[in-house]
Amino acid sequence: MNSIHITSYKSPAGELILGSFDNQICLCDWKYRKMRASIDERIRKGLDAEFIEGETEVVKETIRQLEAYFEGELTQFDIPLLPVGTDFQKEVWKKLTEIPFGETRSYLQLSKDLGNPDAIRAVASANGANAISILIPCHRIIGSDGSLVGYAGGLDAKKRLLKLEKAEIQTDKAQLKFF
C-alpha cells in the first residue's frame, strides 16, 4: 500500500497537518478545518494511499520554508507540490500560485483570470477545497468589496497571513492597504 507521510506543525497562524507522497507535498492544511474528513478522504482515494505518521525530507524542508515565511524572510515557496483534485480545481489552484506575495484578488477577478467570469461559485468552491494552504495561497482571495470572506483556517488566520504579507487589498472597486 502507498503511504502519505503526515506530521503536525504548529504555525503562528494555527496548527497545520503536512503530508508528503512521492517526495511532493500533497497536504499542508489546517488541522481543525470543517472539511477535514472529506479533504483527507479525497487525498487518500486520489493517491490510493493511507496516512502514516512520519516526517520526510520534503516535509522538513516545507517546515523550514514556512518558518522563514512566518519570520518575514521568505516571500515565495520552492516546494514540489502534488495537488489532488479535479482538473478544474487544479486549474484554480495553479492560478492561485500566480498571485504575488502581498497582493490579493477577488473571486470575480480570479474567475476572469481563468477566462470564465460566470464561474465565481465554482472558483470559490475550488478555493475552499485547497488542501495545500499557504503554499497555494488561497488566503489571498477576498470578497469583491474587500471583505475577508471564508477561509479554512478561520478568518483570524487569514487576517494574520495578509498582515504578515502587508497585503494590498485589491477589490473590484478600490485598493486598500492591509497593515
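Details of the structure are given in the entry above.
Summary of the structure given here. (Residues numbered from 1 in each chain as written. Predicted model: local features only at pLDDT ≥ 70, side-chain atom pairs only at ≥ 80, totals over all residues. Heavy atoms only, no water.)

1. Focus on helix α6 (residues 155-164)
Three- or four-residue spacings in an α-helix give side chains the same orientation, since the helix completes a turn every 3.6 residues. Let me state the cut-off plainly: Whether a residue is buried, partly exposed or exposed follows from its accessible area with a 1.4 Å probe, protein chains only, as a fraction of its type maximum: under 20%, in between, or over 50%, in that order. For helices the rule is a DSSP run of H or I covering at least 4 residues; for strands it is a run of E covering at least 2, with both sets numbered from the N terminus onward. Picture the helix axis, draw a direction to every C-beta atom, and the arc is the one those directions span.
Every buried residue of α6 is accounted for by A157, K158, L161 and L162. Along the axis of α6, the buried positions cluster into a sector of 130 degrees, meaning they face one direction only. Exposed residues pointing more than 90 degrees away from the buried face of α6 are listed as D156 and K163. Trailing α6 by a residue or two, K166 shows a phi angle of about 50 degrees, which is positive.

2. A look at the pattern of salt bridges
The following threshold applies: Salt bridge, as used here, is a side-chain nitrogen of Lys or Arg placed within 4 Å of a carboxyl oxygen of Asp or Glu.
Summed over the entire model, instances satisfying the criterion amount to 12 salt bridges. In this structure, D29 engages R36 in a salt bridge whose closest nitrogen and oxygen atoms are separated by 3.1 Å. One exposure class covers both D29 and R36, and it is buried. Of the charged contacts, one joins D40 and R36 as a salt bridge, the two residues approaching to 2.9 Å between their closest N and O atoms. Within this pair, D40 and its partner R36 are both found in helix α1 (residues 36-47), separated by 4 residues, close to a single helical turn.

3. Here we look at unusual backbone geometry
Even without being a glycine, I134 presents a positive backbone phi close to 70 degrees. With respect to the helices and strands, I134 occurs in the loop between α5 (120-128) and β6 (141-142). One non-glycine residue, K166, lies in the positive phi region at around 50 degrees. Relative to the elements of secondary structure, K166 occurs in the loop between α6 and β7 (168-170).

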